Amino acid sequence: MLNFTFHNPTKIIFGRNTIGTIGEEIAKDGHKKVLMVYGMGSIKKTGVYELVVNSLKSHGVEFVEVGGVKPNPVLSKVVEAVNVARKEKVTAILGVGGGSTIDTAKAVAVGVLYEGNVWDAFTKEYQPEKALPVYVVLTLSATGTEMNPNAVITNEETGEKYGMSYPCIYPKVSIIDPSVQFHLPPKQTANGAVDAMAHIFEYYFSGVENTDVQDEMAEGVLRTIIRYTEKLLNDPTDYEARAQFAWCTTLALNGFISAGVGGGDWACHAIEHALSALYDIAHGEGLAIVVPAWMKYTMMRNLKKFQRFAEEVMEITPDGKSSVQIAAEGIEKLKAWFASIGQPTTLKDAGIPREEIPKIVENVAKRTLPIGKLVKLDKEDIIRILEIGAS
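Rules and cut-offs
- Residues numbered from 1 in each chain as written.
- Predicted model: local features only at pLDDT ≥ 70, side-chain atom pairs only at ≥ 80, totals over all residues.
- Heavy atoms only, no water.
- Helix = DSSP H or I, 4+ residues; strand = E, 2+ residues; numbered from the N terminus.
- Rg over C-alpha atoms; globule rule 2.2 N^0.38 Å.
- Buried < 20%, exposed > 50% of the residue type's maximum accessible area, 1.4 Å probe, protein only.
- Contact = heavy atoms within 4.5 Å.
- Areas by Shrake-Rupley, 256 points an atom, 1.4 Å probe, with all protein chains shown as cover.
- Lys, Arg positive; Asp, Glu negative; His and termini not counted.
- Charge placed at Lys NZ, Arg CZ, Asp CG, Glu CD.
- Core = buried A, V, L, I, M, F, W, Y, C linked by side-chain atoms within 4.5 Å.
- Salt bridge = Lys/Arg side-chain N within 4 Å of Asp/Glu carboxyl O.
- Phe/Tyr/Trp six-rings, centres within 6.5 Å; stacked < 30°, edge-to-face > 60°.
- Lys NZ or Arg CZ within 6 Å of the ring centre and 35° of its normal.
- Patch = residues over 30% accessible without salt bridge, like charges linked within 9 Å, V, L, I, M, F, W, Y side chains within 5 Å.

Chemist: Where do I start with the overall build of the protein chain in this structure?
Modeler: The number of helices and strands found in the protein chain is 15 helices and 8 strands. What you see for the protein chain is a C-alpha radius of gyration of 20 Å, in line with the 21 Å of a compact globule of 391 residues. Along the three orthogonal principal directions, the C-alpha set of the protein chain runs to about 65 × 45 × 45 Å. Across the 391 residues that make up the protein chain, the buried fraction comes to 60%. Once local pairs closer than 6 in sequence are excluded, the contacts in the protein chain between residues at least 24 apart make up 78%. Counting every atom, the protein chain has about 15800 Å² of accessible surface; 50% of that belongs to carbon and sulfur. Charge-centre separation for the protein chain: the mean point of 40 positive side chains lies 3 Å from the mean point of 47 negative side chains.

Chemist: Would you explain the nonpolar core in this entry?
Modeler: Nonpolar side chains in soluble globular proteins tend to end up buried together. Trp294, Met295 and Phe309 are the most contacted members of the largest nonpolar core, which totals 67 residues. With 9 residues, the top contributor of residues to this core is helix H7 (residues 186–204). Setting aside residues up to four positions removed in sequence, tryptophan 294 forms contacts with Phe205, Asp265, Ala267, Cys268, Phe306, Leu374, Leu377 and Ile385. Listed in part, the 39 residues of the second largest apolar core include Val78, Ala85, Phe122 and Val134.

Chemist: For this particular structure, what's the right way to read the pattern of salt bridges?
Modeler: If charged atoms from side chains of opposite charge come close, those side chains can pair. What the rule picks out here adds up to 14 salt bridges. The partner of lysine 305 in a salt bridge is aspartate 215, with the nearest N and O atoms 3.3 Å apart. Of this pair, lysine 305 sits in helix H12 (residues 303–312) while aspartate 215 sits in helix H8 (residues 212–234), and the two are 90 residues apart along the sequence. Both residues of the pair, lysine 305 and aspartate 215, count as buried. Among the salt bridges present, the one from arginine 308 reaches glutamate 216, with a minimum N-O distance of 3.5 Å.

Chemist: Would you mind going over the side chain of asparagine 302 with me for this structure?
Modeler: Mapped onto the elements of the fold, asparagine 302 is located in the loop between helix H11 (283–298) and H12. Of the residues examined, asparagine 302 reaches a relative accessible area of 14% and is grouped as buried.

Chemist: Sorry if this is basic, but what is going on with the packing of aromatic side chains here?
Modeler: Aromatic rings considered in pairs are described by the distance between their centres and by the relative angle of their planes. Under the definition given, this model contains 16 aromatic pairs. A ring pair is formed by tyrosine 114 and tyrosine 126, whose centres lie 3.8 Å apart and whose planes are at 5°; its orientation type is stacked. With tyrosine 114 in the loop between helix H5 (99–111) and helix H6 (120–123) and tyrosine 126 in the loop between H6 and strand S5 (134–138), the pair connects residues that are 12 residues apart, well separated along the chain. Taking the centre distance of 5.6 Å and the plane angle of 15° together, the rings of tryptophan 119 and tyrosine 162 count as stacked. A residue pair is termed long-range when its members are at least 10 positions apart, and tryptophan 119 in the loop between H5 and H6 and tyrosine 162 in strand S7 (residues 160–165) qualify at 43 residues. Residue tryptophan 119 is classed as buried on the basis of its relative accessible area, which comes to 8%. The exposure class assigned to tyrosine 162 is buried, which follows from its relative accessible area of 11%. Counting every residue linked through ring pairs, the aromatic cluster contains Phe201, Tyr204, Phe205, Trp294, Phe306 and Phe309. Of note, lysine 44 hangs over the ring of tyrosine 49, and the distance from its end group to the ring centre comes to 4.9 Å. Over the ring of tyrosine 204 we find lysine 305; its NZ or CZ atom is 4.5 Å from the centre of that ring.

Chemist: Just checking my understanding: could you explain a nonpolar patch on the surface for this structure?
Modeler: A cluster of nonpolar side chains, Met1, Phe4, Phe6, Val213, Met217 and Phe256, forms an exposed patch at the surface whose accessible area comes to about 540 Å². Mapping phenylalanine 256 onto the fold places it in the loop between helix H9 (239–251) and helix H10 (267–279).

All we've got here are geometric facts, nothing functional implied.
Pasting the structure below:
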């Protein structure tokens, strides 16, 4: 286990009928006016918008709104919201929605206090130490952004999808009411499952040794995600399943599993960001393609851990098989499970021709290469991974 410092300042309020506390939480921190950021309008259909507005009004908190955040959030919407926040002189940002909305809220919180282009925070030309406070009402569990310092945005002009991670954008308070996720289409639940699992994989397979406690936690959360995803696809209104699933996706990327494991690998996410930036597919869909392909390509560099994953999570029985056979079966079973929940598992499934691979690789290569930790990947490696995932 590596040395680590663990600090997560986000307050979580979890459970049924908790959204109505958001106004109190914001007011007691002294905020009189906030910018509320949300997505394409589903919060108005589900009643979440009304709950939030009533809570803000009852606690004397004024608000202005910016809606229309896309599932793959874009820089232009961030800039629009920054301008509104400055004009209205708000003192905090409230994100109401899923990961895309919360990431946008975080980027706005940085941009309001920065005189330059907020994209600089994603390219690391600017590394912010301050931001407006961020508050969250979560309506879609997937990314874990409700309890971490991360945000991902796409720059439409350059075709780049980059993330940032700074302590100043940890949410102050995040409210998670699993019951407001009953309405989610099966596809969004499936996307969330793959996203959360991929976050865990980035640490679990990073190559750091002697991490038994982290491995046991990771495996437990992975098994729980699989179990309750299947339940939710059969009954999306199962509250206990929603609660288990929601807390798993938060735990996947709030620092508990990664403490002592280092910074993680993140090659799969770097490759996937090119897919969703170029083809506007859902992040979870892209990861369902990239992750099994990356696993096949890197398996021999961490065979012991891949065998452990196959046995402990994918329930592959040894039965006299070699370590290579067990590990390979585990990867194939994971890929088959992704397919069983409706995810594409090849570029072909997603409608992306094999001939596009060079274009995808060039997009990935806009970052500093090599990427990854377990195996440092250059262009040729990324080509091979995408070829594995092509069909």
